[in-house]
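Chain and residue survey
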Amino acid sequence: MQLRIAVTGAAGRLGRHVVARAVRAGHEVIATDLPGATGKPDGRVEWRGADLTDLEQTRAALAGAQAVIHLGGLVHPRYPEPEVHRVNVNGTYHVLVAAEEHGLDGVCLASSINAIGGVYSAAPRYDYFPVDEDHPTYAEDPYSLSKWIVEQQSASFARRRPDVAFSALRLHGLRDDAASALRDGQDERNRKDLWGWVSFDAAAAACLLAALRPTPGHAVYHVVADRTTTSTPSTELAARWYPGVPLRAPMAGTAGFYATTRATADLGWDPADDHPEIGPGERSRLPASA
Ligand SMILES: NC(=O)c1ccc[n+]([C@@H]2O[C@H](COP(=O)([O-])OP(=O)(O)OC[C@H]3O[C@@H](n4cnc5c(N)ncnc54)[C@H](O)[C@@H]3O)[C@@H](O)[C@H]2O)c1
């Protein structure tokens, strides 16, 4: 069954891809963004202007939806630090409150690999490679902190709504395709966030799969391509930039530094496919056993 899916941050870089993909998958979309940033109504897309830092506006934006993909927010260092915290943390809280009040049963939140610290850290700390979703956080900047808090907000709301699926997606370095990721990649510059990236298409697919996830409960997922932004072998990168960090699994060739087995197992998401076809898991909520 197709759903009515609310997408926040719908006018943003990833939001535009998610809206288009949701429509292609057969859904109706309530696309919401700041007043003034909204697009024009288009077929199955209804636009609603809302500032997510205002609870009433957020309630109105999500009314009538069955699931939400929450992408709206601010990325440090383009914005003042307190504003990043206010928008990302309060905005997500309001989305979760509105989702609960309206009885939405699929909640997908944009987190980031920076939830554990990374590109904005002075000297990021990693305890092991590949990094999995259980790695401790060493976040120290407001954006990364806000994303860590987003994940705790998701877990908290999930505890009081045990029948609902809550997913926090740790997105990373959104690019059009592998060629642009490789073109921009630099071994030294990309060392802090471990040469990771993901295509807009693949990230949009993960958003839909998460919003329609049939299994309830809160989960954090790495949504990162399975190969790096460089042709330098991953074991060489690890030895050069992170000597002493243990490898918990072999990292052949240019294998990615972020484990994605959880997203593969739970969501059916493929970290190797940059432009996935729309599959049944994006079209409708399948039985958990499917
Ligand atoms: N781009 C990346 O590489 C990347 C990596 C990791 C995580 N993320 C996360 O993914 C999400 C989408 O990223 P993006 O690159 O599309 O960002 P973007 O900046 O292109 O889009 C964000 C959208 O949020 C909207 N917004 C900002 N403040 C708002 C408010 N108060 N109320 C309502 N809407 C508001 C903006 O108008 C914008 O359209 C963000 O949450 C971001 O933190 C992105």
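What you see is a predicted model, and the numbers here were worked out from it, not measured in a lab.

Attention now moves to the overall build of the protein. Secondary structure assignment for the protein yields 9 helices and 9 strands. In summary, the protein has a C-alpha radius of gyration of 18 Å against a globular reference of 19 Å for 290 residues, a match within 12%. Taking all 290 residues of the protein together, 53% fall into the buried category. Partitioning the contacts of the protein with sequence separation of at least 6, the portion at a separation of at least 24 is 74%. Approximately 12100 Å² of the protein is accessible, and the part contributed by carbon and sulfur atoms is 51%. Averaging the positions of the 29 positive and the 35 negative side-chain charges in the protein gives two centres separated by 1 Å.

On to the environment of Tyr120, then. Within the secondary structure, Tyr120 is located in the loop between strand 5 (106–112) and helix 4 (142–160). Beyond its immediate chain neighbours, meaning those up to four positions away, Tyr120 contacts Val75, His76, Pro77, Asn114, Glu140, Asp141, Tyr143 and Ser144.

As annotated by UniProt and renumbered to match this structure, "domain: NAD-dependent epimerase/dehydratase" (unreviewed entry) occupies residues 5–171. Spanning residues 5–171, this segment combines 36% helix with 20% strand, and its end C-alpha atoms are found 20 Å apart.

Along the chain, Arg48 falls in strand 3 (residues 45–49). A distance of 2.9 Å separates a polar atom in the side chain of Arg48 from a polar atom in the side chain of Glu46. Residues within four places of Arg48 in sequence aside, it is in contact with Arg4, Ile30, Ala31, Thr32, Asp33, Thr38, Ala60, Ala61, Leu62 and Ala63.

Taken as a whole and judged by the stated rule, the model has 8 aromatic pairs. Measuring from ring centre to ring centre gives 6.4 Å for Trp195 and Tyr242, while their planes differ by 85°; the resulting arrangement is edge-to-face. Separated by 47 residues along the polypeptide, Trp195 in the loop between helix 5 (178–184) and strand 8 (198–199) and Tyr242 in the loop between helix 7 (234–241) and helix 8 (261–267) bring together distant segments of the chain. The exposure class of Trp195 is buried, given its relative accessible area of 1%. The ring of Phe157 has Arg160 lying over it, and the distance from NZ or CZ to the ring centre is 4.9 Å. We note Arg248 situated over the ring of Tyr128; from NZ or CZ to the ring centre the distance is 3.5 Å.

Reading the values: the criteria
Numbers given to residues run from 1 along each chain, matching the order in which its sequence is written. Thresholds applied to this predicted model are a pLDDT of at least 70 for local features of residues and 80 or more for the giving and counting of side-chain atom pairs; totals over whole chains, interfaces and linings are not thresholded and use all residues. To get the side-chain values, all heavy atoms of the structure are used, and hydrogens and water are removed first. Numbering goes from the N terminus for both helices and strands, where a helix is a DSSP run of H or I of at least four residues and a strand is a run of E of at least two. Only the C-alpha atoms count toward the radius of gyration. The rule for a globule is 2.2 Å times the residue count to the power 0.38. Partly exposed residues are those whose accessible area sits between 20% and 50% of the maximum for their type, while under 20% is buried and over 50% is exposed, using a 1.4 Å probe and protein chains only. Contacts are assigned to residue pairs with any non-hydrogen atoms lying within 4.5 Å of each other. Accessibility throughout is a Shrake-Rupley quantity obtained with a 1.4 Å probe, and a residue counts as covered only by protein chains that appear here. We score Asp and Glu as negative and Lys and Arg as positive, and we do not count His or the chain ends. For this purpose, a charge sits on NZ of Lys, CZ of Arg, CG of Asp or CD of Glu. UniProt positions are given in the numbering used here, feature names are shortened, and annotations may be inferred rather than shown by experiment. Here a polar contact is taken to be a pair of N or O atoms separated by no more than 3.5 Å, where protein atoms must pair a possible hydrogen donor with a possible acceptor and residues adjacent in sequence count only if both atoms sit in side chains. Any two of the Phe, Tyr and Trp rings considered here, Trp counted by its six-membered ring, make a pair once their centres fall within 6.5 Å; the pair's planes then place it as stacked at under 30 degrees, edge-to-face at over 60, or tilted in between. In this scheme, Lys NZ or Arg CZ marks a charge over a ring once it lies within 6 Å of the ring centre and within 35 degrees of the ring normal.

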